[in-house]
Amino acid sequence: MPDLTTLPPVRPRTLGSRTPAADRPPVPASAAWREGHPVGRRQFADLGPLKLESGGRLPAVRLAYETWGELNEDGTNAVLVLHALTGDSHVTGEAGDGHPTPGWWSSMVGPGAPIDTDRWFVVAPNVLGGCQGSTGPASPGPDGTPWGSTFPLLTVRDQVAAEIRLSDLLGIDAWSLVIGASLGGLRVLEWAASAPERVEAIAAIATAAQTSGDQIAGFHTQLAAVRADPRYRDGDYYDAADGDGPHVGLGLARQIAHQTYRSAKELDQRFGRIPQGGEQPLEGGRFAVQSYLDHHGDKLSRRFDANTYVVLTRTMITHDLGRDRGGVTAALGSITARALVIAVDSDRLFPPAQSERIAAGIPGAEPLRTIHSDYGHDGFLIEEDLVGGYVHEFLERGARD
């Protein structure tokens with residue numbers, strides 16, 4: 001054991017100095033998609049004004065979305081895919097102009113995939129409040145400048161109301177399947193409760209019918225991290241230069257969140273107490289797990305928007321399927337769709353007990369499917385064979401019924 005009294009003084013590092021790698025370009029103030037940027041595979045739907053559950057109003061709503069496959073003549077082969085917190089409409093496909101990263105669920109959607117686009121017409125919108133083409137805080141407000149701090153409070157119910165309008169515009173009366181995980185799963189359940197006549201089946205993965213006190217506490221600390229960054233400027237930072245935006249706060253929020261995306265077992269087995277490269281923790285250096293979190297914080301800050309992170313996290317905080325419906329039990333009991341509910345056994349963001357509640361409460365739910373994974377919440381993405389197998393079988397059973 002070294003004599004700690006003889007070690008040189010530790011030079012503290014700021015989050016800003018260790019988040020971006022020294023040889024990388026400055027982090028943009030916002031990585032939101034803007035008019036004039038490459039469109040990629042995006043399509044856009046202008047949906048008009050939207051009255052919000054909180055009493056506010058958006059004077060004009062646009063949703064960006066992508067589609068794969070062909071809608072059949074009677075419109076009975078449509079599948080709606082809903083993304084998680086930092087996802088977008090680019091569910092499947094290569095990276096390229098307009099899409100800096102490849103599809104986030106390519107194992108699930110595509111020709112021959114569990115949701116086979118040779119058979120199903122798949123639609124994936126960027127959520128209302130998002131930053132990849134849909135109306136959100138980075139979008140032009142009524143005065144033509146970004147909404148920023150004036151963007152109104154959104155709820156999951158508002159987001160689904162916008163998606164219902166998108167369905168109308170696309171001529172889809174009912175979805176054969178509405179599927180999503182995490183924040184996407186919140187919207188899946190809201191779809192089934194808000195528009196039961198338009199949803200034949202749902203797949204709710206690693207999600208909840210109502211966010212818990214523990215989850216609200218975790219989300220609160222992430223919001224605090226963003227807002228504490230002096231470069232956040234209360235949400236009005238869109239004219240800031242590269243490197244002068246709230247990337248430190250956004251990166252820290254992501255690090256807090258990422259600990260809930262992975263399991264304690266995986267972090268300990270994968271990293272343990274291994275130092276990062278040539279760094280010495282007793283001399284102010286990092287452990288490998290610290291570097292890992294720094295990397296993910298930096299990575300998100302280069303592809304996302306801080307205000308969007310705040311807006312969407314707040315929708316998760318306020319999520320309650322039972323609000324004004326007589327409580328969660330009554331709301332789940334009113335769902336008429338067939339339901340597939342999938343949990344990840346090591347999930348510490350949306351613990352399996354929350355999925356158990358959903359499966360027990362929906363009259364048409366199949367028995368809960370629980371996936372064993374050492375990866376925690378992200379198991380819904382990583383354990384692609386297991387998740388994909390359950391989804392494929394569920395779709396096939398529906399087709400035979």
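Attention in this report is confined to the structure presented alongside it. (Residues numbered from 1 in each chain as written. Predicted model: local features only at pLDDT ≥ 70, side-chain atom pairs only at ≥ 80, totals over all residues. Heavy atoms only, no water.)

Here we come to the overall build of the protein chain. Helix and strand counts for the protein chain come out as 12 helices and 10 strands. The C-alpha radius of gyration computed for the protein chain amounts to 21 Å, which stays within 12% of the reference 21 Å derived for 401 residues, consistent with globular compactness. In terms of overall dimensions, the protein chain has a C-alpha envelope of 75 × 50 × 40 Å along the principal axes. Here the protein chain, with 401 residues, has 54% of them falling under the buried criterion. (Helix = DSSP H or I, 4+ residues; strand = E, 2+ residues; numbered from the N terminus. Rg over C-alpha atoms; globule rule 2.2 N^0.38 Å. Buried < 20%, exposed > 50% of the residue type's maximum accessible area, 1.4 Å probe, protein only.)

Attention shifts here to the pattern of salt bridges. Enumeration over the complete set of coordinates arrives at 22 salt bridges. Its salt-bridge partner being Arg62, residue Glu35 comes within 2.9 Å of it at the nearest N-O pair. Here Glu35 is found in the loop between helix 1 (15-18) and strand 1 (43-51), whereas its partner Arg62 is found in strand 2 (residues 57-68), with 27 residues between them in sequence. According to the relative accessible area criterion, Arg62 is partly exposed, its value standing at 25%. Here Glu53 and Arg157 are joined by a salt bridge, their closest N and O atoms 3.7 Å apart. Within this pair, whereas Glu53 is found in the loop between strand 1 and strand 2, its partner Arg157 is found in helix 2 (residues 156-170), the two being separated by 104 residues in sequence. The class of Glu53 is partly exposed, set by a relative accessible area of 31%. (Salt bridge = Lys/Arg side-chain N within 4 Å of Asp/Glu carboxyl O.)

Below, the discussion takes up the pairing of strand 7 (residues 177-181). By the criterion of burial, strand 7 is predominantly enclosed, with 5 of the 5 residues buried. By the alternation rule, side chains of strand 7 split into Leu177, Ile179 and Ala181 and Val178 and Gly180, which are all buried. Pairing of strand 3 (residues 78-82) with strand 7 involves 4 bridges; the strand directions are parallel. Following the sheet pairing, Val79 is matched in strand 7 by Leu177. Across 4 bridges, the pairing between strand 7 and strand 8 (residues 201-205) is parallel. Counted as the bridge partner of Gly180 is Ala204 from strand 8. Each parallel crossover has a hand, and the one from strand 7 via helix 3 (residues 183-194) to strand 8 is right-handed. (Pairing = 2+ DSSP bridges. Right-handed = clockwise from strand over helix to strand, strands pointing away.)

The full count for this structure, using the stated rule, is 9 aromatic pairs. Taken together, a centroid distance of 5.6 Å and an interplanar angle of 90° make the contact between Trp147 and Phe151 edge-to-face. Since its relative accessible area comes to 8%, Phe151 is described here as buried. Centre to centre, the rings of Phe304 and Tyr309 are 6.5 Å apart; their planes meet at 90°, and the pair counts as edge-to-face. A residue is classified by how much of its surface remains accessible, and Phe304, at 2% relative accessible area, is buried. Each member of the aromatic cluster is reached from another via a ring pair, and the members are Trp104, Trp105 and Phe380. One cation-aromatic arrangement involves Arg338 over Phe394; the distance from NZ or CZ to the ring centre is 4.1 Å. (Phe/Tyr/Trp six-rings, centres within 6.5 Å; stacked < 30°, edge-to-face > 60°. Lys NZ or Arg CZ within 6 Å of the ring centre and 35° of its normal.)

This next bit is on the environment of Pro246. Following the sequence through the fold, Pro246 ends up in the loop between helix 4 (213-228) and helix 5 (247-261). On the basis of relative accessibility, which here comes to 1%, the residue Pro246 falls in the buried class. Counting along the chain gives 96 residues from Pro246 to Thr150, while the straight-line C-alpha distance between them is 17 Å. When near neighbours in sequence (up to four residues on either side) are disregarded, Pro246 contacts Ala29, Asp229, Arg231, Tyr232, Tyr237 and Ala306. (Contact = heavy atoms within 4.5 Å.)

With that settled, the discussion passes to the environment of Ser149. Within the secondary structure layout, Ser149 lies in the loop between strand 6 (121-125) and helix 2. Note: C-alpha distance between Ser149 and Ile358 (209 residues apart in sequence) is 35 Å. Not counting residues within four places of it along the chain, the set of residues in contact with Ser149 comprises Asp234, Gly235 and Asp236. A polar atom in the side chain of Ser149 sits 2.8 Å from the side chain of Asp236. (Polar contact = N/O pair within 3.5 Å; in protein donor to acceptor, adjacent residues only side chain to side chain.)

The next point concerns the pairing of strand 1. It is a general feature of regular strands that their side chains alternate between the two faces of the sheet. Sheet topology note: the strand 1/strand 2 ladder contains 7 bridges and is antiparallel. Across the sheet, Gln43 pairs through a bridge with Tyr65, a residue of strand 2. In sequence, strand 1 turns back onto strand 2 through a hairpin of 5 residues, with Gly55 there showing a positive phi of about 105°.

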